[in-house]
Amino acid sequence: MNLEKKIITRMAPSPTGKFHIGGVRTALFNYLFAKHNNGKFIIRSEDTDEWRSEKRFEDNMLHTLEWLNIKHDEFFRQSERMDIYKDYIKKLIKSGNAYEAEASKNNPNIPVIRFKNPNIKIKFTDLILGDIEFDTTELGDFVIARDINTPIYHLTVVVDDGLMEISHVLRGQEHINNTPRQILILEALGFDRPKYAHIPLIMSPRGGKLSKRDPEVIPAFDYKEQGILPEALINFLVFIGWNPGDDREIISIDELIKEFDINKIQKGGGAFNIEKLYWINKHYLNELSNNDFYNYISPVLNDFRKKDFYDDKIMQNLIPLIRERTRYLLDVENMIKEGELDFYFKQPELDINKILWKGDKKEYTLSNLEKVHSILLNLNGDFNKKTTKEALWVYAEKIGKGSVLWPLRYSLSGRDKSPDPFTILGIIGKESALNSISFAINILKK
RNA sequence: GGUCCCAUCGUCUAAUGGUUAGGACAUCAGGUUUUCAUCCUGGAAAUCGGGGUUCGACUCCCCGUGGGAUCACCA
């Protein structure tokens, strides 16, 4: 339907702080919309405020988007385009749409530039919100430049959107009140009006607006260090305020590009629910190969590797067990910190009272463990999860699973919670297993 | 406060006049060979209130109420 005009979107952040998830989502929507329509996605760094803008924040934004693989087709920096804006300020004055007003706050000798407001009603159709009408009278003759050489926000936005031939402005809903002002300038300059789509805001998990005080909401790039996968963050963010219209919860970036539909964007804001992010992240973690998962947890293994008992071969075997307990990197960090993995590598400490299954007598448990020991001792051939289970199962069922399996599991792990005993046996092997069981037997004999 | 926007389970959302109001996260219960985790099954859980319009409203209109955004020589 819109064959002659190319779709061009842009994201225009000001680099005054670390790039946050709201920015990521705005970038994502702009990117998806552009790519869906074979269009172009532009990033424009709005760094005209020298005081507040910092290069490191711009870098942080670019790194974040690079990590997430949200690629832009063009990049601009407003601070490098000041000459262009000057021309347009002059043009506006010349055409009578702007004028020099009272003295500047910073420069008592130089006047600010105000836009001559025609005081009309501005109507526009928002692609998400529908028809919106503003009476611009209350805006007054607003300032568009600190002085003839230094434009501010509304002017630069309009000039750039016009010059860059932006077809669709998708931005956060906090900008909706800026729209009439920008339309006024745009029409004074004779640019084509882009289509507007104001995206609902991401809200705090506790309701209300997102705040730096929300502990789960951190700068977007920091989620990388937490072990959130880029696909997971994208999948999570796109579902705040958008959905494909069916029951899918997991959706790839390629599918998103193919199916992104601006009409399905929500009108109201949505809360940031970290639990769902973790759930999605776990889903993507499960799709990693064992080797990739090992690399994934590698950064938090550094201290653990230095322990004298550490054995990388055992660690490799532990990967599936660690994975099913992992939503993100902090889970692995905690596992290590709590010593939950130590018993796979060395003989655990045992508490005599915990060896006994619910109400079992010491002598009874002792004889069960001795029997288990002898069964395993006489197990020839492969010693793994399957063979040990086959060897012990009949006995365990006869005696009572709890009375056999609990003491065994506890003797091997020294923990209230751990994987099942056969899994542990398979990992630590016959020799270590027999040692651990003997160790427990000796404690019971005392 | 002015202006603007919004309103389905606790949360993210589906249902664009006719459904037992669906799914997912979280939660609860049961199961998957003892414990934890994973996995499976099942349960509880919502149309903000009041008026209309209509044979029939989650859906359309109005009024309340609630929430949000914005009111800079920041962006």
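Residues numbered from 1 in each chain as written. Chains lettered and ligands numbered in written order. Predicted model: local features only at pLDDT ≥ 70, side-chain atom pairs only at ≥ 80, totals over all residues.

**Student:** It is not clear to me how the sheet that holds strand β8 (residues 143–147) should be interpreted in this structure. Could you clarify?
**Tutor:** Spatially, β4-β5-β8-β9 is the arrangement adopted by the 4 strands of the open sheet, whose pairing is antiparallel. At either end of the open sheet lies a strand with only one pairing partner, and these are β4 (98–103) and β9 (150–151). In the sheet, β8 pairs with β9 via 2 bridges, with the strands oriented antiparallel. Looking at β9, one finds that Ala145 is bridged to Pro151. Sheet strands in contact with helix α3 (residues 82–94) are β4, β5 (111–115), β8 and β9, and its direction is about 100° off that of β4. (Pairing = 2+ DSSP bridges. Helix = DSSP H or I, 4+ residues; strand = E, 2+ residues; numbered from the N terminus. Contact = placed C-beta atoms within 7 Å. Axes fitted to C-alpha atoms, helices over the stretch in contact; angles between N-to-C directions.)

**Student:** Could you clarify how one ought to interpret the packing of helix α4 (residues 153–163) against helix α5 (residues 179–189) in this entry?
**Tutor:** Helix packing geometry: the angle between the two helix axes and the distance between the axes. Running from N to C, α4 and α5 cross one another at 55°; their axes reach a closest spacing of 9 Å. As far as their axial angle goes, α5 and α4 are oblique. Where α4 crosses over α5, the handedness of that crossing is right-handed. In this structure, α4 uses His154, Leu155, Val157, Val158 and Gly162 to contact α5, whose residues at the interface are Arg181, Gln182, Ile185, Leu186 and Leu189. A class-by-class count of the residues in the contact of α4 with α5 yields 6 nonpolar, 3 polar and 1 charged. (Parallel < 35°, antiparallel > 145°, perpendicular 65-115°, else oblique. Left-handed = near helix turned anticlockwise from the far one by under 90°. Nonpolar A, V, L, I, M, F, W, Y, C, P; charged D, E, K, R; others polar.)

**Student:** Before we go on, may I ask you to explain the protein's contact with RNA strand B in this structure?
**Tutor:** Residues in close proximity to RNA strand B total 61 residues, the closest being Ser14, Glu46, Lys209, Gly268 and Gly270. Looking at the surface near RNA strand B, the elements with two or more residues in it are β4, β7 (130–135), β8, β13 (270–271), α9 (274–286), α16 (385–399) and α17 (401–413). At 5 residues, the largest contribution of residues to the surface near RNA strand B is made by α17. Class assignment for the residues of the surface near RNA strand B results in 19 nonpolar, 20 polar and 22 charged. (Near = placed C-beta within 6 Å.)

**Student:** Just checking my understanding: could you explain the pairing of β5 for this structure?
**Tutor:** Bridge analysis of β4 against β5 gives 4 bridges, and the strand direction is antiparallel. Bridged to Glu100 within β5 is Ile113. Relative to β8, β5 runs antiparallel, the two sharing 2 bridges. From the neighbouring strand, Ile113 faces β8, where its bridge partner is Ala145.

**Student:** Would you mind showing me how to read unusual backbone geometry here?
**Tutor:** Keep in mind that most residues, glycine aside, have a negative phi and that most peptide bonds are trans. For Asn38, which is not glycine, the phi torsion reads 55° and is therefore positive. Residue position: Asn38 is located in the loop between α1 (21–36) and β2 (40–45). The exposed category is assigned to Asn38, around which 8 C-beta atoms lie within 10 Å. One non-glycine residue, Asn119, lies in positive phi territory at about 55°. Its location among the elements puts Asn119 in the loop between β5 and β6 (121–126). With 13 C-beta atoms counted inside 10 Å, the residue Asn119 sits in the partly exposed group. (Buried ≥ 20, exposed ≤ 12 C-beta atoms within 10 Å, placed from the backbone.)

**Student:** It is not clear to me how the environment of Pro230 should be interpreted in this structure. Could you clarify?
**Tutor:** One can find Pro230 in helix α7 (residues 230–238). Ignoring any residue separated from it by four or fewer positions in sequence, one finds Pro230 in contact with Trp67, Leu68 and Asn69.

**Student:** What is the right way to look at the confidence of the model for chain A in this model?
**Tutor:** Close inspection of predicted coordinates is inappropriate in any region flagged by low pLDDT. Per-residue confidence for chain A gives a mean pLDDT of 95; residues scoring 70 or more make up 99%. ipTM for the predicted complex: 0.95, alongside a pTM of 0.95. (pLDDT = per-residue confidence, 0-100.)

**Student:** Just to check I follow, could you spell out the nonpolar core for this structure?
**Tutor:** Among soluble globular proteins, nonpolar side chains are generally buried collectively. Core analysis: the biggest nonpolar cluster contains 68 residues, and Val24, Leu28, Ile89, Leu155, Leu233 and Leu237 have the highest contact counts within it. A total of 9 residues in this core trace back to one element, the largest contributor, which is α1. Among residues more than four places away in sequence, those in contact with Leu155 are Tyr85, Tyr88, Ile89, Ile144, Ala145 and Ile185. Membership of the second largest hydrophobic core comes to 25 residues, among which are Ile355, Leu392, Ala396 and Ala440. (Core = buried A, V, L, I, M, F, W, Y, C linked by C-beta atoms within 7 Å.)

**Student:** So what exactly am I meant to see when it comes to α7 here?
**Tutor:** Each turn of an α-helix holds 3.6 residues, which means side chains three or four residues apart point in the same direction. For α7, the buried fraction is high: 7 of the 9 residues fall into the buried class. Those residues of α7 not exposed but buried are Ala232, Leu233, Ile234, Asn235, Phe236, Leu237 and Val238. The inward-facing, buried residues of α7 abut α1, α6 (222–225), α8 (253–259) and α9.

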